[in-house]
Amino acid sequence: MEEFAETVASSRIRHRLFEALSSSKKVFRRFKDVLEDYPDERDRYYKFLRKYCEGQIIEWLKEKEIEITLKSFDTGQPKKYNKYGRMKHERLAQRFLRRNKRTVQR
């Protein structure tokens, strides 16, 4: 989170993020609360986090000498929803949970 905060162009937002990180309690919650006020930075944070996590996973797989094949799920095309407003993977997840007798909380 500190790495992301350093990349924020606005000094005001950056200052608020570092204040949230320096608090002793609920650091993650406070950091995300600050980002809620700035939707563009929030979206940028989640993209940053995804790339960071992907990089860590790839690095770990290489250390373990596991061959990987990357397939991008982000095609850049609009997501297609069914008539109920759900995407296909959501329907599959719902079906899996029903078969395993688990409840889905929304």
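Nothing here was measured: the structure is a model prediction, and the numbers come from that model.

Asker: Quick question: what am I supposed to make of the overall build of the protein here?
Answerer: Looking only at helices and strands, one finds 5 helices and 0 strands in the protein. Ordered by position from N to C terminus, the α and β elements of the protein give α-α-α-α-α. Relative to all contacts within the protein whose residues are 6 or more apart in sequence, the contacts with residues 24 or more apart total 28%. When the accessible surface of the protein is split by element, carbon and sulfur atoms take 50% of a total near 9,700 Å².

Asker: Would you mind going over the pattern of salt bridges with me for this structure?
Answerer: A side chain with one charge may pair with a side chain of the opposite charge, provided their charged atoms come close. Applying the stated rule across the entire model yields 6 salt bridges. Where Arg-16 meets Asp-37, a salt bridge forms, and the shortest distance between an N and an O atom there is 3.2 Å. Here Asp-37 lies in the loop between helix 3 (27-36) and helix 4 (39-63) and Arg-16 lies in helix 2 (residues 11-22), a separation of 21 residues in the sequence. With a relative accessible area of 27%, Arg-16 lands in the partly exposed category. When its relative accessible area of 48% is taken as the criterion, Asp-37 is described as partly exposed. Among the salt bridges present, the one from Arg-29 reaches Asp-33, with a minimum N-O distance of 3.1 Å. On the criterion of helical spacing, the pair formed by Arg-29 and Asp-33 is a turn pair, its members being 4 residues apart in helix 3.

Asker: How do you make sense of the packing of helix 3 against helix 4 when you look at a structure like this?
Answerer: The axes of two packed helices give the description: the angle between them and the distance between them. Contact geometry of helix 3 with helix 4 gives a least axis separation of 7 Å together with a crossing angle of 130°. Comparing the axis directions of helix 3 and helix 4 gives the class oblique. Across from Phe-31, Lys-32, Leu-35 and Glu-36 in helix 3, the residues of helix 4 making contact are Pro-39, Glu-41, Arg-42, Tyr-45 and Tyr-46. Each residue belonging to the contact of helix 3 with helix 4 can be placed in one class, and the counts come to 5 nonpolar, no polar and 4 charged.

Asker: Honestly, the confidence of the model for the protein in this entry has me stumped. Any pointers?
Answerer: In low-pLDDT regions, the fine details of the predicted coordinates are not to be read closely. Taken as a whole, the protein shows an average pLDDT of 77; of its residues, 63% reach a score of 70 or greater. Here helix 5 (residues 88-99) stands out as the element of the protein with the lowest mean pLDDT, 62, in contrast to helix 2, whose mean of 95 is the highest. Confidence over residues 102-106 falls short of pLDDT 50; this stretch has 7 contacts with residues more than four positions distant or in other chains.

What counts, and at which threshold
- Residues numbered from 1 in each chain as written.
- Predicted model: local features only at pLDDT ≥ 70, side-chain atom pairs only at ≥ 80, totals over all residues.
- Heavy atoms only, no water.
- Helix = DSSP H or I, 4+ residues; strand = E, 2+ residues; numbered from the N terminus.
- Contact = heavy atoms within 4.5 Å.
- Areas by Shrake-Rupley, 256 points an atom, 1.4 Å probe, with all protein chains shown as cover.
- Salt bridge = Lys/Arg side-chain N within 4 Å of Asp/Glu carboxyl O.
- Buried < 20%, exposed > 50% of the residue type's maximum accessible area, 1.4 Å probe, protein only.
- Axes fitted to C-alpha atoms, helices over the stretch in contact; angles between N-to-C directions.
- Parallel < 35°, antiparallel > 145°, perpendicular 65-115°, else oblique.
- Nonpolar A, V, L, I, M, F, W, Y, C, P; charged D, E, K, R; others polar.
- pLDDT = per-residue confidence, 0-100.

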